[in-house]
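In case you want the letters, here they are:
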Amino acid sequence: MTNSQKWKVFFLLFTTMFLLGGIQNTKGIILEQVHHDIGLTMSQIGTLISTFQYGFLIASLLTGYFTDKKGLRFMMFIGASCMAIGLVGTSMAFTVMLFLGFYLVIGLGIGSMLVSIVTVIPTFYKERAGMMFNVANAMFGVGMIVTPLVLNMMFSHNISWRIFYIAVAVIVALILLVLTTLRLEKSGGMDMNVKDFMQLLTNPRLMLVIAYLLFYVAAEVAFLNFFPIFYSSLDIANATVTEKTATGAYVIASFAVLFTVGRFIGGFINMRLGERNTLILFSALSLVTLIISRMMVYEWIYAFMAFGFSMSVLFPTASAIGTRMTDKSGSMLGLIYVASGLGGAFAGWLVGMLSDTYGIAFGFNTLIGFVCVFLVLSWFVREAPNAAK
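The structure presented is a predicted model; accordingly, all values stated were derived computationally and were not measured.

Description of the environment of Ser378
And step 1. Inspection of the secondary structure assignment puts Ser378 in helix H14 (residues 360-378).
And step 2. Sequence separation between Ser378 and Tyr212 is 166 residues, and the spatial gap between their C-alpha atoms is 7.0 Å.
And step 3. Ignoring any residue separated from it by four or fewer positions in sequence, one finds Ser378 in contact with Tyr212, Arg276, Leu279, Ile280 and Ser283.

Some remarks on unusual backbone geometry
And step 1. Here the phi dihedral of Asn158 falls at roughly 60°; this positive angle occurs in a residue that is not glycine.
And step 2. With respect to the helices and strands, the residue Asn158 is situated in the loop between helix H5 (129-156) and helix H6 (161-180).

Observations regarding the confidence of the model for the chain
And step 1. Predicted confidence across the chain gives a mean pLDDT of 84, with 87% of residues reaching 70 or more.
And step 2. Here helix H7 (residues 194-201) stands out as the least confident element of the chain, with mean pLDDT 66; H14 is the most confident, with 95.

Some details on the packing of aromatic side chains
And step 1. The final tally for this structure, using the stated rule, is 27 aromatic pairs.
And step 2. Geometrically, the ring pair formed by Phe164 and Tyr165 is tilted, given 6.0 Å between the ring centres and 40° between the ring planes. For the pair Phe164 and Tyr165, one class covers both residues: buried.
And step 3. An aromatic cluster is present here, built from Phe223, Phe227, Phe230, Tyr231, Phe255, Phe259, Phe304, Phe307 and Phe364 joined pairwise through their rings.
And step 4. Directly above the ring of Phe52 sits Lys27, whose terminal nitrogen or CZ lies 4.5 Å from the centroid.
And step 5. Note that Arg162 overlies the ring of Phe94, its terminal NZ or CZ placed 3.8 Å from the centroid.

Some thoughts on H14
And step 1. Relative to the 27 Å expected for 19 residues at 1.5 Å per residue, H14 spans 28 Å between its end C-alpha atoms, a close match to the ideal helical length.
And step 2. By the burial criterion, the buried members of H14 are Ile360, Gly363, Phe364, Thr366, Leu367, Phe370, Val371, Phe374, Leu375, Leu377 and Ser378.

Quick word on the nonpolar core
And step 1. Within the largest apolar cluster, 116 residues are counted, with the highest numbers of intra-cluster contacts made by Phe99, Phe223, Phe227, Phe304, Phe307, Leu314 and Phe370.
And step 2. In terms of residue count, helix H8 (residues 204-233) provides more of this core than any other element does, 19 residues in total.
And step 3. Excluding its chain neighbours within four sequence positions, the residues that come into contact with Leu314 are Tyr212, Tyr216, Thr278, Leu279, Phe282, Ser283, Ser286 and Phe374.

Focus on the pattern of salt bridges
And step 1. Enumeration according to the criterion identifies one salt bridge in this entry.
And step 2. Two residues, Arg162 and Asp37, come together in a salt bridge whose shortest N-O distance is 3.4 Å. Here the residue Arg162 occupies a position in helix H6, and Asp37 occupies one in helix H1 (residues 3-37), the gap between them amounting to 125 residues.

Some remarks on the environment of Thr95
And step 1. Mapped onto the secondary structure, Thr95 falls in the loop between helix H3 (72-91) and helix H4 (96-124).
And step 2. Of the residues examined, Thr95 reaches a relative accessible area of 40% and is grouped as partly exposed.
And step 3. Each C-alpha atom, one on Thr95 and one on Leu40, is 9.4 Å from the other, the two residues being 55 residues apart in sequence.
And step 4. Within the structure, Thr95 has its side chain in polar contact with the backbone nitrogen of Leu98 (distance 3.3 Å).

Quick notes on the rules
Residues numbered from 1 in each chain as written. Predicted model: local features only at pLDDT ≥ 70, side-chain atom pairs only at ≥ 80, totals over all residues. Heavy atoms only, no water. Helix = DSSP H or I, 4+ residues; strand = E, 2+ residues; numbered from the N terminus. Contact = heavy atoms within 4.5 Å. pLDDT = per-residue confidence, 0-100. Phe/Tyr/Trp six-rings, centres within 6.5 Å; stacked < 30°, edge-to-face > 60°. Buried < 20%, exposed > 50% of the residue type's maximum accessible area, 1.4 Å probe, protein only. Lys NZ or Arg CZ within 6 Å of the ring centre and 35° of its normal. Expected span 1.5 Å × (residues − 1). Core = buried A, V, L, I, M, F, W, Y, C linked by side-chain atoms within 4.5 Å. Salt bridge = Lys/Arg side-chain N within 4 Å of Asp/Glu carboxyl O. Polar contact = N/O pair within 3.5 Å; in protein donor to acceptor, adjacent residues only side chain to side chain.

Right under this line is the structure:
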């Protein structure tokens, strides 16, 4: 690959990961604004989150297959196009149904782009794949940190969330432009065929890891999407709605800071403690820090930063354990993305429904239940010394 092609791949990798981290981490902040803008109920917000996750799930299932058949550039182009269309459409939506439809398109785009970008790394950086995975995840984390702060600055100047989505769509259009000039040979992608899936589904140890990841993602999605709405609903002395919105954005950004730090040092933690011990210890820390943060929501809201650090190492650690249990690592990664989509969709539906019925505080507390479940599951996860054949 020529130097000009390498720089284009660098640009696509880092820009895409930054945008994906930013979009994922600002859904809750934006939905809090949309909640008042077009009059969403809590159940509708839950449906929106579930719809987004279903789009992500569908794209994750199909992207590996079509990457193999049509090529990596084709799927990256499809994913970026879906993101651009979804972002522009959502920014112009003034009814619930239009917002719902375009939110599904964004989910499809993000799912396609994420799986495609994951495939780029081992395809073009074979000897340095581990380093590039870490750097790419760092850019994802930077996106998680920066974008809530950008949104907070916009809201403080009475700039609509719609402008934010249009600006992101412009950056995605630039990604599309670079893609048209990039020459990529076909890649095997992630092998995700039905036969391999069915074999994985019959392995109870693997299904335990998948169940763990499903409830982990449910907890993460519930926090990032519903915390801004929950915090804005609190009766805090001398705090206006604008001030609570700003504080909520800062908390999400601070959560992302320690979440990213944890991802950076997670490998050292695993080497020191072992993967299973890391899973158990940090699952327990997640529950403790979440309960303490929830109890201190009026006194010191930034305690949720500790919850972010506790959660940071769990997904990659559980994923590593799962992929080493089988020689079908591509299909296992596909199954992990499926669990992520299902966990996020389940959280959106359940928290939204309970919030509408019993109030947002009750709905938000549901994520304590999610953490309790994956803590219990962590005790039963076992590492496999050799891949299952």
